[in-house]
Structures are given as C-alpha cells and as structure tokens.
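# Structural features, examined
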Amino acid sequence: MRDNARMTLLRIATRKSPLALWQSEHVADRLRAAHPGLAVELVPMSTRGDEVLDRSLAAIGGKGLFLKELELAMLRGEADCAVHSLKDVPMELEGPFALPAILPRADPADAFISHHYDGIAALPHGARVGTSSLRRQAQLRALRPDLQLLDLRGNVNTRLAKLDAGDYDAIVLACAGLQRLGFASRIRVRLDAPDWLPAPAQGAIAVECRAEDPATHALFAALDDAATRVCVEAERAMNRALHGSCHVPVAAFAQRMDDALSLSGLVGSAEGQVIRAEDTGPAGDPEALGQRVAAQLLAQGAGAFLA
C-alpha cells in the first residue's frame, strides 16, 4: 500500500495450498475485524517450493523457495503483503522486507500419525516413517535408529493421502497445520517439548511486507502478538547464530514466564546424534538468549554437524 488512496484495499499474496489459503484467509478475517470498511483480497500464487515435489527442500534450495515468488509480487506492485508459516521464513529476510505482524502462536508441537501404532516406541523394527524434515529425521533416528525414514513432500492433504494409501507406517507433521485444516482427529500422539523440539517458530503465522510501506505496517499493528513475537525471536536468533537452515537439523522452543524467557535448543546429525542446550533470560532481550543457547550448542560440538 503506497498511499492513502489505496488504504481501502489490501492484497495478500499467498501460496495455493489449502493450509496457506487458510492462513491467509485467517489474516484477512482478522484485518477486516480490526479495520471495518477495509477490503482484503487474496492473490494466490504457485511457488517453486510447491511445484518441485520429487526432491527434498534442502536439495532444491531451502524453504526460502516458498517466499520468492510472493516477494517478487510485492516488488512488482501486484500485492501489498504476504502471509507465511513463520517456520518457512529464512532467518535473514532478503531485500527490502519486514515482518510487521506475528499472530498468536498455535500448537507448536509435531504430530505422530499412524493407523496402526500408538507412538514411536510402538512401531515395529524397520517401520517406514515419512518426513522430509531433517530436524524430525534426526530426532527419530536418536530414538529409533532401526526405522526406515522416507521422504514425504506435498501439502497436508497429499501427505495424509499417502499414509492412507499404505506408503508409510506412520508420518510426522505439524499439529498446527492439521488443526487448522480440520484434521486434529488424525493426531495419534503429540510430540512436544522437552523431549521433542519443534522447528524454530513452528505454529506461528507471519505477515511480510515491504519495509518502506508505513501504511501497511500500520494496518497490521493490531494483529501483532507480543508474547508470540518474543518467543519466536529467541528461537530464530538461536538459529541465525548457528547459521541454521533446512539443510541442517535445528530445533528450538521458547516459553515466556512472566518477565523471563526460557529457550531449549537442539542440533542433530544425519546419523541421529543430538546435542541439546537450554537457558533462561529476561523476556526483553530474546536476541541475547538465542545467541547464548547457540553458543552452548557450539561449545558442545554442534559445529561439526553444521559444517
């Protein structure tokens, strides 16, 4: 939104997957409630991350592939903002972009989904588990090195359909996506902290827009959740200090307790080794807390996994 004449309409660039559309419509509904009279429309787009499904994200360039086309649409003036799962947003935004709003976080846990087994421990020897996340693979290997870990790409509906077709004995997805799309009943077990750590910022929805766009920033001020922002900033600061990406198994989870913030972090290896660290600090300085936990992980040898 470049000037006051366009304040009556906001265009949200979004991926076309059912979850992305749900998240964008959720943001649109929140905007309409906060600003009566504002028209909000979605601009659905396809991204390379959605189109290339026969290789892992790490192999084709990382989660940033979900953002690039949406960012170009903003630069071309075809959209005013974009809505993302914050866990897909790179630790350093490229170009003239900012995150004016992070919405209240949904369930940050992962979900174990299976028709026949009640959890990871109940899987038979050599069971086939679907996930393309290196973070999930590392934690699975640490618990059950005997499992067959198979790639699983596609949107939530596609992944569930592959499980239903018998391609896997179990799959691991994010609870938040399942709950948002009405599939909460498919969750067999929640995999959550402290034993199992999510991706940094998992469960949080973020709005991205051009940094030099004060009108759009002002519209989103009402949607920003300070409690969520401070937690995900600590998690993302840890990942940034580790130079983490989807090429490396990195997990983080922060919780706010009054004026304090706790952060647990994990770095894994492809062989199933995991290094953990945790610390607490003032909620007013999530960046420093993230850097301290990253330093503790590196001090324990995480650099060898990250190299």
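Our subject in this report is the structure included herewith. All values derive from a computational prediction rather than experimental measurement. (Residues numbered from 1 in each chain as written. Predicted model: local features only at pLDDT ≥ 70, side-chain atom pairs only at ≥ 80, totals over all residues. Heavy atoms only, no water.)

The next subject is the overall build of the protein. A tally of helices and strands in the protein yields 11 helices and 13 strands. Its C-alpha radius of gyration of 19 Å places the protein within 12% of the 19 Å reference for a compact globule of 307 residues. Oriented by its inertia axes, the alpha-carbon framework of the protein measures out at about 65 × 45 × 35 Å. Evaluated residue by residue, the protein yields a buried proportion of 53% over its 307 residues. Within the protein, contacts between residues separated by at least 24 positions form 68% of all contacts whose residues are at least 6 apart in sequence. Here the protein displays about 12,800 Å² of accessible surface, and carbon together with sulfur accounts for 52% of that area. Taken together, the 33 basic and 38 acidic charged side chains of the protein have centroids lying 4 Å from each other. (Helix = DSSP H or I, 4+ residues; strand = E, 2+ residues; numbered from the N terminus. Rg over C-alpha atoms; globule rule 2.2 N^0.38 Å. Buried < 20%, exposed > 50% of the residue type's maximum accessible area, 1.4 Å probe, protein only. Contact = heavy atoms within 4.5 Å. Areas by Shrake-Rupley, 256 points an atom, 1.4 Å probe, with all protein chains shown as cover. Lys, Arg positive; Asp, Glu negative; His and termini not counted. Charge placed at Lys NZ, Arg CZ, Asp CG, Glu CD.)

In this section: the environment of Glu 287. Along the chain, the position of Glu 287 falls in helix H10 (residues 286–299). A relative accessible area of 32% means that Glu 287 is categorised as partly exposed. Along the chain, Glu 287 and Glu 208 lie 79 residues apart, while their C-alpha atoms are 20 Å from each other. In this structure Glu 287 touches Ala 237 and Arg 240, once residues within four positions along its chain are discounted. In this structure the side chain of Glu 287 is engaged in a polar contact, spanning 2.8 Å, whose partner is the side chain of Arg 240. (Polar contact = N/O pair within 3.5 Å; in protein donor to acceptor, adjacent residues only side chain to side chain.)

In this section: the nonpolar core. Core analysis: the biggest nonpolar cluster contains 21 residues, and Met 238, Leu 242, Leu 263 and Leu 297 have the highest contact counts within it. Elements with a minimum of two residues in this core: helix H9 (226–241), strand E11 (250–257), strand E12 (260–268), strand E13 (274–282), H10 and helix H11 (302–306). Discounting residues that sit within four places of it in the chain, Met 238 has contacts with Val 250, Ala 251, Ala 252, Leu 263, Gly 265, Gly 290, Val 293, Ala 294 and Leu 297. Core analysis: the next-biggest nonpolar cluster, separate from the first, contains 17 residues, Cys 81, Ile 205, Cys 209 and Leu 219 among them. (Core = buried A, V, L, I, M, F, W, Y, C linked by side-chain atoms within 4.5 Å.)

This part takes up the sheet that holds strand E5 (residues 110–113). Pairing is mixed across the open sheet formed by 5 strands, whose spatial order is E7-E6-E8-E5-E9. Strand pairing shows two members of the sheet lacking a second neighbour, strand E7 (148–150) and strand E9 (189–191), which therefore form its edges. Averaged over all pairs of adjacent strands, the angle between their axes in this sheet comes to 30°, without regard to strand direction. The pairing of strand E6 (residues 128–130) with E7 spans 3 bridges and is classified as parallel. Along E7, the bridge assignment pairs Val 129 with Leu 149. Together, E5, E6, E7 and strand E8 (170–174) form the strand contacts of helix H5 (residues 134–143), whose direction differs from that of E8 by roughly 130°. (Pairing = 2+ DSSP bridges. Axes fitted to C-alpha atoms, helices over the stretch in contact; angles between N-to-C directions.)

Turning our attention to the packing of H9 against H10. When two helices pack together, their arrangement is given by the angle between the helix axes and the distance between those axes. Axis separation between H9 and H10 bottoms out at 7 Å; the angle between their running directions is 40°. In terms of orientation, H9 and H10 fall into the oblique class. Of the two possible hands of crossing, H9 and H10 adopt the one that is right-handed. Only Pro 286, Glu 287, Leu 289, Gly 290, Gln 291, Val 293, Ala 294 and Leu 297 of H10 make contact with H9, whose side of the interface consists of Val 230, Glu 233, Ala 234, Ala 237, Met 238, Arg 240 and Ala 241. (Parallel < 35°, antiparallel > 145°, perpendicular 65-115°, else oblique. Left-handed = near helix turned anticlockwise from the far one by under 90°.)

Before going further, it helps to spend a moment on the sheet that holds E12. Taken together, 3 strands build an open sheet; the order of strands is E11-E12-E13 and the sheet is antiparallel. Two strands lie at the open edges of the sheet, namely E11 and E13, each paired on one side alone. Taken over all neighbouring pairs, the strand axes of this sheet differ in orientation by 15° on average, direction set aside. Of the strand pairs in this sheet, E11 and E12 are connected by 8 bridges, and their pairing is antiparallel. Its bridge partner being in E12, Ala 252 is matched across the sheet by Gly 265. Running over the sheet, H10 touches E12 and E13 and is turned about 150° from E13.

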